[in-house]
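# Chain and residue survey
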Amino acid sequence: MTDQAFDDAAEFAGRGLACIRGERIVFADLDFSLAPGEAILLLGPNGSGKSSLLRVMAGLLRPAAGALTWGGAPVAEDPEAHGGRSRYIGHHDAIKPVLTVRENVGFWSSLWSGDGSTATVQRALAAFGIAHLLDVPGRWLSAGQKRRVNLSRLLAAPAPLWLLDEPTTALDRATVAVVEGLIAEHRARGGMVVLSTHTDVALPGAKVLQMDDFTVPMDWAGLDAAEEALS
Ligand SMILES: Nc1ncnc2c1ncn2[C@@H]1O[C@H](COP(=O)(O)OP(=O)(O)OP(=O)(O)O)[C@@H](O)[C@H]1O
C-alpha cells in the first residue's frame, strides 16, 4: 500500500466501442475518456451493459468494434501492461470459502503486485474496518464482509485504474462512506475510477455514461463488420 501519486497514470479512452453478448448487440458507438483524477459513473437499467463495458475496459472481453487506448497507445498491443495498471472488481465476490481472509487477499495482492505480505493485507483490511477478520475463513463471512474483503484487494495491490462493478452492494451506509472516501483519496493521487451502480454513490465531478444512450437496433449498420471482427 502506498500514498504516493501514480506516475504511470495517463488518459484512458475508448472510441467507437461495441459489444455483442450471445446474439445481442449490447451497446455500440460508445466513446469515453478518463484523465488522471477523473471518475466515470455507469448508469442504466438491468442488462444495459454496465458490467459488459467494465469487462471490456479491463481487457477481459474483446470489443466487437472500436479500441481502447492508454496515453494514446492501443491497449490491445500490450494487454499485460493493461492488466498491471487496472484492478477490476466484479459484482460476484471472488472469495474462496476454504481460504482465510489473509490468504484470499494475499493471493490477489501477490498475483497483482508481487507483495502479498500479511502487513499489506492487514493495512488494506483495516481501511475497511475488518482487520479482525484476518484469520477467518471465507465461508464464515457475511455478504457485506465479503464485499469489504473483495474491495480491500484494491488497496493490497495499488494500481491507477479501478473498475468497480456495483461495489456498494450489501454494504452498510457507514461502509459506503468509507468507499467514497477511499475513491476520493485514490483520485487525489491521480488514480481513475469507473463505477457502475444502482444506488447513490458520491463521486464528485464524475462524468456520467447512461448506457441506454448506446443501445442500438438489431439492424445496426455496423453488425456485419463487428461479427466478422469477432469470428
Ligand atoms: N456471459 C454472457 N453470455 C451471453 N450474454 C450475456 C452474458 N453476460 C451478459 N450477457 C447479456 O449482456 C447484456 C448486458 O449484460 P450486463 O451484465 O453487461 O448488464 P448490466 O447493465 O451490468 O446489468 P445489471 O444492472 O443487471 O447488472 C444482457 O442482455 C445480458 O443478458
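For the protein chain, an unreviewed UniProt entry supplies the name Heme exporter protein A and the organism Caenispirillum bisanense.

### Side note on the sheet that holds strand β7 (residues 161–165)
Within a sheet, each strand pairs with its neighbour through backbone hydrogen bonds, oriented either parallel or antiparallel. Across the sheet, which stays open at both edges, the 5 strands sit in the order β6-β7-β8-β3-β9 with parallel pairing between neighbours. The open sheet is flanked by β6 (86–89) and β9 (207–210), the only strands paired with a single partner. For this sheet, the mean angle separating the axes of adjacent strands, direction not counted, is 15°. Bridge count for β6 against β7 is 4 bridges, and the pairing is parallel. Paired with Ser86 across the bridge in β7 is Leu161. Across the sheet, helix α1 (residues 50–57) touches β3 (39–43), β6, β7 and β8 (192–196), and the angle it forms with β8 is around 155°.

### Some words on the nonpolar core
The tendency in soluble globular proteins is for nonpolar side chains to be buried side by side. Residues Ala18, Cys19, Phe27 and Val194 are the most contacted members of the largest nonpolar core, which totals 59 residues. Here this core gets 6 residues from one element, more than from any other, and that element is strand β2 (residues 24–34). Sequence-distant contacts of Phe27, defined by excluding residues within four places in its chain, comprise Ala18, Cys19, Gly49, Leu53, Met211, Phe214 and Thr215.

### Section: the site of the ligand
The ligand sits among 13 residues. The nearest are Arg21, Gly22, Asn46, Ser51 and Ser52. Secondary structure elements with two or more residues in the shell around the ligand: β2 and α1. Of all the elements, α1 adds the most residues to the shell around the ligand, at 3 residues. Looking at the shell around the ligand, its residues break down into 2 nonpolar, 8 polar and 3 charged.

### A closer look at the packing of helix α3 (residues 101–113) against helix α5 (residues 143–156)
For any two helices packed against each other, the geometry is given by the interaxial angle and the distance between the axes. At a closest axis distance of 9 Å, the pairing of α3 and α5 adopts a crossing angle of 45°. For the element pair α3 / α5, the angle class is oblique. As α3 packs across α5, the resulting crossing turns out to be right-handed. Across from Val101, Asn104, Val105, Trp108 and Ser109 in α3, the residues of α5 making contact are Val149, Ser152, Arg153 and Ala156. When grouped by side-chain class, the residues that make up the contact of α3 with α5 number 5 nonpolar, 3 polar and 1 charged.

The rules behind these values
Residues numbered from 1 in each chain as written. Predicted model: local features only at pLDDT ≥ 70, side-chain atom pairs only at ≥ 80, totals over all residues. Pairing = 2+ DSSP bridges. Helix = DSSP H or I, 4+ residues; strand = E, 2+ residues; numbered from the N terminus. Axes fitted to C-alpha atoms, helices over the stretch in contact; angles between N-to-C directions. Contact = placed C-beta atoms within 7 Å. Core = buried A, V, L, I, M, F, W, Y, C linked by C-beta atoms within 7 Å. Buried ≥ 20, exposed ≤ 12 C-beta atoms within 10 Å, placed from the backbone. Near = placed C-beta within 6 Å. Nonpolar A, V, L, I, M, F, W, Y, C, P; charged D, E, K, R; others polar. Parallel < 35°, antiparallel > 145°, perpendicular 65-115°, else oblique. Left-handed = near helix turned anticlockwise from the far one by under 90°.

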